[in-house]
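Structural overview
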Amino acid sequence: MIDSSLSSLGAKVVVASSGDENHPPENITDGNTNTFWMSTGMFPQEFIIRFAEPTTISAVTVDSYNVKHLKIEKNTSQNASQFESITEKEFERTEGHLQSNAISLNGSSATHLRFIITSGYDHFVSVHRVGVQN
């Protein structure tokens, strides 16, 4: 089952490499693809989601625009440090609609997930929603 809103599970974006007051990082976890976080240009860009408690994750769904390459890392501590790589994915370019990618995490347990956008199809990228499948 994919959660419609990570924020309803107590998950929060605790770090974002850039921010825009009109498109804050909190929009990533609100479950609404009409709201989004927008980068302020240059790469890499990253954000970290903290879960309220250790969570087993079989997959994540990322709804985004202009993301070309994404790396996902995890940790299991209370602090957002010492991450280990889980996976990376190249996204296909889309014109006029969101990229929607389901990415397997093979039942990884995590307290934090770090999403690192290493490149984009434009100077700016947006992440509209991250969902978790348990």
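Residues numbered from 1 in each chain as written. Predicted model: local features only at pLDDT ≥ 70, side-chain atom pairs only at ≥ 80, totals over all residues. Heavy atoms only, no water.

This brings us to the confidence of the model for the protein. Taken as a whole, the protein shows an average pLDDT of 93; of its residues, 97% reach a score of 70 or greater. Here strand β7 (residues 126-133) is the element of the protein with the lowest mean pLDDT, 94, and strand β4 (residues 67-75) is the one with the highest, 98. (pLDDT = per-residue confidence, 0-100. Helix = DSSP H or I, 4+ residues; strand = E, 2+ residues; numbered from the N terminus.)

As a further point, take the pattern of salt bridges. Enumeration over the complete set of coordinates arrives at four salt bridges. With its nearest N and O atoms 3.1 Å apart, the salt bridge here joins Arg129 to Asp63. Of this pair, Arg129 sits in strand β7 while Asp63 sits in strand β3 (residues 45-65), and the two are 66 residues apart along the sequence. Comparing Arg129 with Asp63, the two get one shared label, buried. For Glu73, the salt bridge is made with Arg114, and the minimal N-O distance between the two is 2.6 Å. With Glu73 in strand β4 and Arg114 in strand β6 (residues 99-120), this pair connects stretches of sequence that are 41 residues apart. The class of Arg114 is buried, set by a relative accessible area of 19%. (Salt bridge = Lys/Arg side-chain N within 4 Å of Asp/Glu carboxyl O. Buried < 20%, exposed > 50% of the residue type's maximum accessible area, 1.4 Å probe, protein only.)

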